[in-house]
Amino acid sequence: MKLKSRPAYIIFFVLLFTAFILEITQGAQKIQLSSILMHGDSFAKTIIWNLRLPRALLVLLTGILLGASGAVFQLFFRNPLAEPGILGITSGATLGAVFAAAFFQSLSTSSLQNKFVAQITKYFSPVNLFAFVGAIVAGIVVTAFSFTQKKQNTSIIILLCGTALGTLYSSLSSLILLTKSQTLHSIYSWILGSFNGRGWNELFFILIPSFISLLLIFFISKPLDLLGGGETNAQSLGVQISTLRIQVLIIGALSTSCVVCAGGTINFLGLIAPHIARKIVGPKSQKLIPFSMILSATILLLADILCRIIVRPSELPTGIITSIIGVPFFIALCFEEK
């Protein structure tokens, strides 16, 4: 049942704001905002500024990217199961991260290279950088495959190739982890999806590509609506399908690389949030994409809060929580489809 856009936006903006405040105040140690606003607690300020706030902003941005890219992929491929992960882009980013973790750890064991590695890792995270590169390369490979097909079912071919490539990347990641067993522990929680230890450096690292990705998303929203009537009708209305395909794949590569750099592998949000948004505000991209962003960010913030309070003072990987929430909800949505 669809709601009017304005009440729906107001309700979910309030939920998003509430989730963001809880993300800042909840954790291994509860923080009362009144202790900062009224009493000027310097210790609480340090925790919020150095730990909680950058993490909350990272989770917020990650949720926005997941919801927006998922909506774009479902609109373009006209497939409710389409999202960047199904094209192998997430697996490509994971492969890059696993390679970086294994390679730089091997270098760090050498006393001759120790200073060199220390200088490099002082300015950026090799895992983040290689994850970003891995996602971009995976997106380029899928794009290259798309131009080898001149048939009408190009979208289906892209999805199948992306799924096969994703399996290949996952196998290569497993191979590296098996041959470099000392890397397994350090990369395991990252693969499961976790924002633990993330801060301002990661946020600044993904800020520009995230902005470019979101800018492209809003730029192509109208052509995506025209594509809903079929490729032939869209072309007759002036939509360049090949250009739009490149833009969608660039969005997928950029957004996924940012997501993986921010919190590792986060499953289901890019798939489920557009489903829910479509039922609330309808299929038009001008409403679907922004609402998917709000909804996905809210869910991810709540999931990250849960992962920190369930086993307090320890925490669970956020990706586990999103999977536990996402699987039954997605199955329920499948049964609701006509």
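Look a little higher up for the structure.
Calculation criteria
- Residues numbered from 1 in each chain as written.
- Predicted model: local features only at pLDDT ≥ 70, side-chain atom pairs only at ≥ 80, totals over all residues.
- Heavy atoms only, no water.
- Helix = DSSP H or I, 4+ residues; strand = E, 2+ residues; numbered from the N terminus.
- Buried < 20%, exposed > 50% of the residue type's maximum accessible area, 1.4 Å probe, protein only.
- Polar contact = N/O pair within 3.5 Å; in protein donor to acceptor, adjacent residues only side chain to side chain.
- Axes fitted to C-alpha atoms, helices over the stretch in contact; angles between N-to-C directions.
- Parallel < 35°, antiparallel > 145°, perpendicular 65-115°, else oblique.
- Left-handed = near helix turned anticlockwise from the far one by under 90°.
- Contact = heavy atoms within 4.5 Å.
- Nonpolar A, V, L, I, M, F, W, Y, C, P; charged D, E, K, R; others polar.
- Expected span 1.5 Å × (residues − 1).
- Phe/Tyr/Trp six-rings, centres within 6.5 Å; stacked < 30°, edge-to-face > 60°.

(A) Up close: the side chain of Ser 194. One can find Ser 194 in the loop between α8 (181-192) and α9 (200-219). On the basis of relative accessibility, which here comes to 10%, the residue Ser 194 falls in the buried class. At a separation of 3.2 Å, a polar atom in the side chain of Ser 194 contacts the main-chain amide nitrogen of Asn 196.

(B) Up close: the packing of α9 against helix α12 (residues 241-263). Close contact between α9 and α12 brings their axes to 9 Å; oriented N to C, the two are set at 155°. With respect to α12, the element α9 is oriented roughly antiparallel. Relative to α12, the crossing made by α9 is left-handed. Here Glu 202, Phe 205, Ile 206, Pro 209, Ser 210, Ile 212, Ser 213, Leu 216, Ile 217 and Phe 219 of α9 come into contact with α12, specifically with Gln 247, Ile 250, Ile 251, Leu 254, Ser 255, Cys 258, Cys 261 and Ala 262. Split into classes, the residues belonging to the contact of α9 with α12 amount to 13 nonpolar, four polar and one charged.

(C) View of the side chain of Ser 255. Tracing the sequence through the fold places Ser 255 in helix α12. A distance of 2.7 Å separates a polar side-chain atom of Ser 255 from the backbone oxygen of Ile 251. Engagement of the side chain of Ser 255 in a polar contact is seen with the backbone oxygen of Gly 252, the distance being 3.3 Å. The residues touching Ser 255, leaving out its near neighbours within four places in the chain, are Leu 65, Ser 69 and Ser 213.

(D) Representation of helix α14 (residues 285-309). Here α14 is 25 residues long and its end C-alpha atoms lie 36 Å apart, about the 36 Å a rise of 1.5 Å per residue gives. Along α14, 19 of the 25 residues are buried, which leaves the element largely enclosed by surrounding structure.

(E) Quick peek at the packing of aromatic side chains. Applying the stated rule across the entire model yields eight aromatic pairs. A ring pair is formed by Trp 49 and Trp 200, whose centres lie 5.0 Å apart and whose planes are at 45°; its orientation type is tilted. Placement of Trp 49 in helix α3 (residues 42-77) and of Trp 200 in helix α9 is noted, with a sequence separation of 151 residues between them. On the basis of an interplanar angle of 25° and a centroid distance of 5.9 Å, the ring pair of Trp 200 and Phe 204 is categorised as stacked. Note that Trp 200 and Phe 204 are positioned in helix α9 at a spacing of four residues, about one turn of the helix. Here the aromatic residues Tyr 9, Phe 12 and Phe 291 are joined through ring pairs into a cluster of three or more.

(F) Quick peek at unusual backbone geometry. Unlike most non-glycine residues, Phe 268 shows phi in positive territory, near 80°. Owing to a relative accessible area of 25%, Phe 268 belongs among the partly exposed residues under this scheme.

(G) Just the packing of α3 against α12, in detail. Remark: α3 packs on α12, axes separated minimally by 9 Å, with the N-to-C direction vectors making an angle of 155°. Considered as vectors, α3 and α12 are oriented roughly antiparallel to each other. Judged by the twist between their axes, the crossing of α3 over α12 is left-handed. Counting all contacts with α3, which are made through Leu 58, Thr 62, Leu 65, Leu 66, Ser 69, Val 72, Phe 73 and Phe 76, the residues of α12 involved are Leu 244, Arg 245, Val 248, Gly 252, Ser 255, Cys 258, Val 259 and Ala 262. Among the residues forming the contact of α3 with α12, the class breakdown is 11 nonpolar, four polar and one charged.

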